[in-house]
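Spelled out from the first residue to the last, the chains are:
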Amino acid sequence: MTQHDIALLLADAADEVKIGIAPAQALLRGGRRRKARRWAVVATTTLVVAGSTGALALTGLSGDEDRGVSPASRPVASAEASEPHMRTTLASGTDAGVPWRVYIDVWKAPADTAEAQATLAAMAEFGEHPEDVSTASELVGKVAHFVHRVTGEEARTTQIAGMVLPEDDVLSGGEYGTVSLPLLPQNDTAPRLVTGQVAKTAREVTCTWKDGTSTKVDRASAATEANAAVPVIHSPKHSPYDWFVCLAPKSTTFEGIKVTK
């Protein structure tokens, strides 16, 4: 099967969202070679992996060396299933009268193959399948992340991104990773919804928009905890990264981000 054929199959599974060719497995970051934090992105997106001295923007899913591609859009959980204990809501709000929410499930790194088999079975109950993990042993020592978007009164849920990485992997200084995509793909194609990860030492992230405006995302405080609409930096349990979401105003789109504190 060619990359073109895979892209078409994924597009069908994602309600006609087109998916492009993916980044290389390793990128030059900050003047040194470092393995990329690999996203399995489900939608037309921009993926950015950056260090303190520069950024590299990419689109799509996987390159020639990453031939395993997971289905594009999966149900997250059956009506009978309860929410997993490791679920964290990253952001929520209402856009043009349509409610939306972004949450992340973070699965603890299994210590051995038996624990990995149990973890994979638990993931499957919620429709979550880690990219490039074909056997339980491949998950040992790795943390799995799944980011989901929920939209509309009917709470339509779509997995928009996934990542599996060693539990001791870290970001430092101004390093970050982001994915931008439409908030409501059935109504819009503009990349306004930004999901990203930063170092645990980061205290503020600034999302910049193409109209020249920006949105600052800080650590949670008493004021922000009382207002779910205010974006904050979250520290999901078991994740080696901290996570955030910001949304561009409807009249503009995503331009970039920077760790500003």
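Calculation rules
Residues numbered from 1 in each chain as written. Predicted model: local features only at pLDDT ≥ 70, side-chain atom pairs only at ≥ 80, totals over all residues. Heavy atoms only, no water. Helix = DSSP H or I, 4+ residues; strand = E, 2+ residues; numbered from the N terminus. Salt bridge = Lys/Arg side-chain N within 4 Å of Asp/Glu carboxyl O. Disulfide = S-S within 2.5 Å. Buried < 20%, exposed > 50% of the residue type's maximum accessible area, 1.4 Å probe, protein only. Phe/Tyr/Trp six-rings, centres within 6.5 Å; stacked < 30°, edge-to-face > 60°. Pairing = 2+ DSSP bridges. Contact = heavy atoms within 4.5 Å. Core = buried A, V, L, I, M, F, W, Y, C linked by side-chain atoms within 4.5 Å.

A. Spatial organisation of unusual backbone geometry. Within the chain, alanine 96 stands out as a residue other than glycine whose phi angle is a positive 50°. Within the secondary structure, alanine 96 sits in the loop between strand 6 (87-95) and strand 7 (98-107). The backbone of alanine 155 sits at a positive phi, close to 55°, despite the residue not being glycine.

B. Region of interest: the pattern of salt bridges. Summed over all chains, the structure comprises 6 salt bridges. Note that arginine 192 and aspartate 95 form a salt bridge whose closest N and O atoms lie 2.9 Å from each other. Of this pair, arginine 192 sits in the loop between strand 10 (176-181) and strand 11 (193-198) while aspartate 95 sits in strand 6, and the two are 97 residues apart along the sequence. Ionic contacts of the salt-bridge type, sharing partners, join the residues Lys200, Arg219 and Asp242 into one network.

C. Geometry of the state of the cysteines. Counting across every chain of the model gives 1 disulfide. Each sulfur in the disulfide pair cysteine 207 and cysteine 246 lies 2.0 Å from the other. Across the S-S bond of cysteine 207 and cysteine 246 the torsion is about -90°, and the bridge reads as left-handed. Of this pair, cysteine 207 sits in strand 12 (residues 204-209) while cysteine 246 sits in strand 15 (residues 242-247), placing them 39 residues apart in sequence. For the pair cysteine 207 and cysteine 246, one class covers both residues: buried.

D. Representation of the packing of aromatic side chains within the structure. One pass over the structure, following the stated rule, counts 2 aromatic pairs. Relative to phenylalanine 126, the ring of tryptophan 107 lies with its centre 6.3 Å away and its plane at 50°, an arrangement referred to as tilted. You can see tryptophan 107 sitting in strand 7 and its partner phenylalanine 126 sitting in the loop between helix 2 (113-125) and strand 8 (142-151), a full 19 residues away along the chain. You can call phenylalanine 126 buried: its relative accessible area is 9%. An angle of 65° between the planes, with centres 6.4 Å apart, marks the rings of tryptophan 209 and phenylalanine 254 as edge-to-face.

E. Spotlight on the sheet that holds strand 12. If you walk across this open sheet you meet the 4 strands as 14-13-12-16, and the pairing is mixed. Unpaired on one side and paired on the other, strand 14 (232-233) and strand 16 (254-259) mark the two borders of the sheet. Note: strand 13 (residues 214-219) against strand 14, 2 bridges, orientation parallel. Bridge pairing in strand 14 links arginine 219 to isoleucine 233.

F. Molecular detail of the environment of cysteine 207. The exposure class assigned to cysteine 207 is buried, which follows from its relative accessible area of 0%. It is 7.7 Å that separates the C-alpha atoms of cysteine 207 and phenylalanine 254, two residues lying 47 residues apart in sequence. Among residues more than four places away in sequence, those in contact with cysteine 207 are Thr213, Ser214, Thr215, Val217, Phe244, Cys246, Gly256 and Ile257.

G. Geometry of the pairing of strand 13. Pairing between strand 12 and strand 13: 5 bridges, direction antiparallel. Paired with glutamate 204 across the bridge in strand 13 is aspartate 218. With antiparallel pairing between neighbouring strands as the criterion, strand 12 and strand 13 make up a hairpin whose turn holds 4 residues, including glycine 212 at a positive phi of roughly 95°.

H. View of the nonpolar core. Of all hydrophobic cores here, the largest spans 23 residues; its most connected members are Trp100, Val102, Val147, Leu193 and Val245. If you list the elements that add at least two residues to this core, you get strand 6, strand 7, strand 8, strand 9 (156-166), strand 10 and strand 15. Counting 15 residues, the second largest nonpolar core, distinct from the first, contains Val205, Cys207, Trp209 and Val259.

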